[in-house]
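# Examination of the molecular architecture
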Amino acid sequence: MARGKLRIYLGAAPGVGKTYAMLSEAHRRVERGTDCVVAFVEHHDRPRTEVMLHGLEQIRRKKLEYRDAVFDEMDVDAVLRRAPAVALVDELAHTNVPGSRNAKRWQDVEELLAAGIDVISTVNIQHLESLGDVVESITGVRQRETVPDEVVRRADQIELVDMSPEALRRRMAHGNIYQPDKVDAALSNYFRPGNLTALRELALLWVADRVDEYLNAYRSEHRVSKIWGSRERIVVGLTGGPEGRTLIRRAARLAEKGAGGEVLAVYIARSDGLTSGSPKELAVQRTLVEDLGGTFHHVIGDDIPAALLDFARGVNATQIVLGSSRRKAWQYVFGPGVGATVARESGPDLDVHIVTHEEVAKGRGLPVTRGARLGRARIVSGWLAGLGGPAALAVLLNSVDVGLANDMLLFLTVTVASALLGGLLPALASVAFGSLLLNYFYTPPLHKWTIADPKNIVAIVIFLCVAVSVASVVDLAARRTHQAARLRAESEILSFLAGNVLRGETSLEELLERVRETFAMESAALLERAGDVAPWTCAGRAGFGRPLQRPEDADVDMPVGDHMALALTGRVLPAEDRRVLAAFAAQAAVALDRKRLQEEADQARTLAEGNRIRTALLAAVSHDLRTPLAGIKAAVSSLRSHDVAWSEEDRAELLEGIEEGADRLDHLVGNLLDMSRLQTGTVTPIIREIDVDEVVPMALVGVPEDSVELEVPETLPMVAVDPGLLERSVANLVENAVKYSPRGRRVLVSASAIADRVEVRVVDRGPGVPDGAKDRIFEPFQRYGDAPRGAGVGLGLAVARGFAEAMGGTLNAEDTPGGGLTMVLSLRAAGSRPGALPTGRDLAEPERQAL
């Protein structure tokens, strides 16, 4: 069953007339004979809106009890049983009463659409999920009822119901929106001119972005190559803190301001594992960014600013969104922070947005995993404490006599501190240096490298053992913590891979890009070969740099079986990383197998389609071709019969039947041959420049007189087409239009110039075709409605579209205003770039078969 179409009336605020416009559209459709019902519309006691409900069939609402009150909700089951063509559903963002079929009304609408029911709905701009923060800052009211932006963006039509703030306030003052006792409060709070102006701007900008998307889709459909605007790619740097949600929503709004904007949220973990991110918060933020149409990425890197910039440049990002630092003022002594570093090193190609949030300067607030391998700063601090600490302590103790036991304890404290900071080697250095200082300054004889009392020798040996033991424990704890953190990071990556295996979501190229991001490499490629001595070939590649010819040329290669390998360039990976790389390699092999199985399934589907075509051809030959042959044979046998004396009128009638049958046979066989050539791709047009008014009249030969009205100006620009294919296409379109036009209503054939194209329109006043069937009528062997088998094999429109695409044009069906169907044949004007309307067939052949 074909999915229903969704039309949404979008407004900036309550009362602009969304529901009224929806009901007006319903009345127009009912007058045209469309089966349209009111599934749920709330008139809010507005008289004019309530009047618009008269004359429309309304589905009985479902009564639900909740907290000792009865509420009305849409009865989804009743609507599905009624199965109308169009259902009106008001307030798309509405939250259903607990106990309803779905939690949100937009989920109810999804069920109706899946059942093939067209839905007309309404929503206000403040209910979009991505605009929740900005609407709250404008109005001071947090919207509890929201709808995911993706749901609204997927709508087939979005119409803005606009009204100036002054007009809306007048409508409010006249009592047309709220009850009189609520008007003053509304005008002084939510409906202030500033609020309404800001909300109106949001609605206009959002719809303007949608207009750009529709325009791009139209250009793609009509083969227009010139693109307006640029694609914005916005990278959001996440820390795992609660401010990430604000950053994601802000990035989503920035992306919507540019045509085709894309949001990529990235969390960068150090190579030793997750250090400060909350897994629960990251899971929430991953869900949020995916709901807003973006993607979530997990990247490993020790230098967070450098890793973030490398990721942004690797995905060709244009903007980076970061949150203001959560560090307190005194913490800036350790460095400028990630935001300042990224802004300084981003260069002229990347814009960096620093977004404020509620967690600014409140401290990290997240558990910090100590341990990892001791970094360079800690090692340097350990060496300074191990060497400088004993020297400074000796200078201090030379001026104060506290006794040898206390001297040794103080030196032991310095050694422990150097072990905690720098690990084993700085601690050993502190032990050696401190022992020498103890021997020289504090054990008799003083200022000599000898020890007179054996007890002092024992004390220094104990001092050495304790210092070495503490340093060893600290170093061992650091290594164990590092191993645990790595295993945690590896488990997350392996969990991601296992999920992809089960769901089959990630393609080979996406997986290779994830490998490159995870290990911070330049490129990743999956190489394979047919045998042990066969050359290597690249099955998939991601990243940049030189293409790899064999695994030996890569910095890292991971074999997958006997004849496949995952190869990476950029740097040499440590041995401990190869365990995770092996899992990626196995998943890459699975992705490649899945890709090839899909290709084989597509080929099987193509073969099945060919079988269907052949079966239909046999059916056409068995009936549609035999019928005129039988008529011709009967007429010829009658004429040759010597038993009957035929009058001149009878002979003329029989000859006319023979001629009509032969013409019908010629037409059917021609369409069958043309479709066969289109299916095999052997149509190779000879493109030349010609006037439309030279070709179109020739296509009207054979149609009944006074059945076609021709309006083709002589001032039209020339078109680059194959005259024979154009004549055949127009002839099929006119024949189809005449067949379905009412008796006495002529078909209009007109032509006009639009930009670098010329459009030929064939307009009839017949019964028309529903939107869901407009594409289906161009498929081979399709007869619309209850057309009898003798009306043709259903190839005329399929051949017409095939010839149009072969010439680099398009053929589409539209509704005729007032009823009927209009076929729009769009052709490339002579002199325009061929790329403006790319051809659907190979145009390089110098010759083609005769029509």
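Heads up: these notes are all about the structure in this document. (Residues numbered from 1 in each chain as written. Predicted model: local features only at pLDDT ≥ 70, side-chain atom pairs only at ≥ 80, totals over all residues. Heavy atoms only, no water.)

## Here we look at the sheet that holds strand S23 (residues 810-815)
- With mixed pairing, the 5 strands of this open sheet are ordered in space as S19-S21-S22-S24-S23. Either end of the sheet is taken by a strand with one partner, and the two such strands are strand S19 (708-711) and S23. Strand-to-strand twist in this sheet, taken as the mean axis angle between neighbours without regard to direction, amounts to 20°.
- Summarising the sheet, S19 and strand S21 (residues 747-754) pair through 4 bridges and their orientation is parallel. Bridging across to S21, glutamate 709 finds its partner in leucine 748.
- Each of S19, S21, strand S22 (757-763), S23 and strand S24 (821-828) touches helix H22 (residues 723-740); the most contacted strand, S24, lies at about 170° to it. (Pairing = 2+ DSSP bridges. Helix = DSSP H or I, 4+ residues; strand = E, 2+ residues; numbered from the N terminus. Axes fitted to C-alpha atoms, helices over the stretch in contact; angles between N-to-C directions. Contact = heavy atoms within 4.5 Å.)

## Observations concerning the pattern of salt bridges
- Counted by the stated rule, this structure contains 33 salt bridges.
- Arginine 344 serves as the salt-bridge partner of glutamate 345, at 3.6 Å between the closest nitrogen and oxygen.
- What makes glutamate 345 partly exposed here is its relative accessible area of 40%.
- Using a relative accessible area of 54% as the deciding quantity, one classes arginine 344 as exposed. (Salt bridge = Lys/Arg side-chain N within 4 Å of Asp/Glu carboxyl O. Buried < 20%, exposed > 50% of the residue type's maximum accessible area, 1.4 Å probe, protein only.)

## Considerations on the nonpolar core
- The biggest cluster of nonpolar side chains holds 66 residues, and the ones touching the most others in it are Leu88, Leu112 and Val147.
- Tallying contributions element by element places helix H9 (residues 193-221) first for this core, with 6 residues.
- Filtering out sequence-adjacent residues up to four positions away, valine 147 remains in contact with Leu92, Ala93, Trp106, Val123, His127, Leu128, Glu129 and Val152. (Core = buried A, V, L, I, M, F, W, Y, C linked by side-chain atoms within 4.5 Å.)

## Re the pairing of S21
- In this sheet, S22 lies alongside S21 in antiparallel orientation, the contact comprising 7 bridges. Looking across to S22, one finds that serine 750 is bridged to arginine 761.
- Hairpin geometry of S21 and S22 is characterised by an intervening segment of 2 residues between the two adjacent antiparallel strands and by a positive phi of about 55° at alanine 755.

## Topic: the sheet that holds strand S9 (residues 233-238)
- The strand order S11-S10-S9-S12-S13 describes an open sheet built from 5 strands, whose pairing is parallel. The open sheet terminates on both sides in strands that have one partner only, identified here as strand S11 (295-300) and strand S13 (351-355). Within this sheet the neighbouring strands show an average axis-to-axis angle of 25°, counted without direction.
- Strand contacts of helix H10 (residues 244-256): S9, strand S10 (262-269), strand S12 (319-323) and S13, with the helix running at about 175° to S9, the strand carrying the most contacts.

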